[in-house]
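# Report on the structure
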Amino acid sequence: MATLKDAKCGETVTVLKLHGEGAVKRRIMDMGITKNTSVYVRKVAPLGDPVEVTVRGYELSLRKADAEMIEVK
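Quick caveat: nothing in here was measured; it's all calculated off a predicted structure. (Residues numbered from 1 in each chain as written. Predicted model: local features only at pLDDT ≥ 70, side-chain atom pairs only at ≥ 80, totals over all residues. Heavy atoms only, no water.)

### A closer look at the nonpolar core
- Core analysis: the largest hydrophobic core is formed by 18 residues, its most contacted members being Leu4, Ile33, Val39, Val53, Leu62 and Ile70.
- Mapped by element, the contributors of at least two residues to this core are strand E1 (12-18), strand E2 (38-44), strand E3 (51-55), strand E4 (58-62) and strand E5 (70-72).
- Discounting residues that sit within four places of it in the chain, Val53 has contacts with Leu4, Val39, Tyr40, Val41, Arg42, Tyr58, Glu59, Leu60 and Leu62. (Core = buried A, V, L, I, M, F, W, Y, C linked by side-chain atoms within 4.5 Å. Buried < 20%, exposed > 50% of the residue type's maximum accessible area, 1.4 Å probe, protein only. Helix = DSSP H or I, 4+ residues; strand = E, 2+ residues; numbered from the N terminus. Contact = heavy atoms within 4.5 Å.)

Below, the structure is given as structure tokens:
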């Protein structure tokens, strides 16, 4: 299972599934990251946290723990 955390800088991936429960999953969905959404990985910090992505035309920074909950292809 590949997650958004594993995606490399400059790569565009598609969201397959969101893992996690309750408020965490709701927060990720409120940011616009839903099934079949394209996500472009803009930057990855040197230690991998945070990950800067572009989703639906705007930029977002995600913690490594949140990026692990997003299954991509």
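### Things to note about unusual backbone geometry
- One non-glycine residue, Asn36, lies in the positive phi region at around 70°.
- With respect to the element layout, Asn36 can be found in the loop between helix H1 (22-30) and E2.
- Looking at Asn36, the relative accessible area reads 58%, which means it is exposed.
- With a phi angle near 50°, Arg56 is a residue other than glycine that sits in the positive phi range.

### A look at the sheet that holds E1
- Across the sheet, 5 strands lie side by side as E4-E3-E2-E1-E5; this open sheet has antiparallel pairing. Strands with a single pairing partner mark the edges of an open sheet, and in this sheet they are E4 and E5. Pairs of neighbouring strands in the sheet enclose a mean axial angle of 45°, with direction left out of account.
- Direction of pairing for E1 relative to E5: antiparallel, over a ladder of 3 bridges. (Pairing = 2+ DSSP bridges. Axes fitted to C-alpha atoms, helices over the stretch in contact; angles between N-to-C directions.)

### Here we look at the side chain of Glu71
- Tracing the backbone shows Glu71 in strand E5.
- At 2.8 Å, the side chain of Glu71 and the side chain of His19 are in polar contact. (Polar contact = N/O pair within 3.5 Å; in protein donor to acceptor, adjacent residues only side chain to side chain.)

### A word on the pattern of salt bridges
- Considering all chains together, one arrives at 6 salt bridges under this definition.
- Two residues, Arg26 and Asp30, come together in a salt bridge whose shortest N-O distance is 3.3 Å. In this pair, Arg26 and Asp30 are both assigned in helix H1, 4 residues apart and thus about one turn of the helix distant.
- The exposure class assigned to Asp30 is exposed, which follows from its relative accessible area of 55%.
- Its salt-bridge partner being Arg27, residue Asp66 comes within 3.2 Å of it at the nearest N-O pair. Here Asp66 is found in helix H2 (residues 64-67), whereas its partner Arg27 is found in helix H1, with 39 residues between them in sequence.
- The class for Arg27 is partly exposed, based on a relative accessible area of 32%.
- Three or more residues joined by partner-sharing salt bridges are found here, namely Arg27, Arg63 and Asp66. (Salt bridge = Lys/Arg side-chain N within 4 Å of Asp/Glu carboxyl O.)

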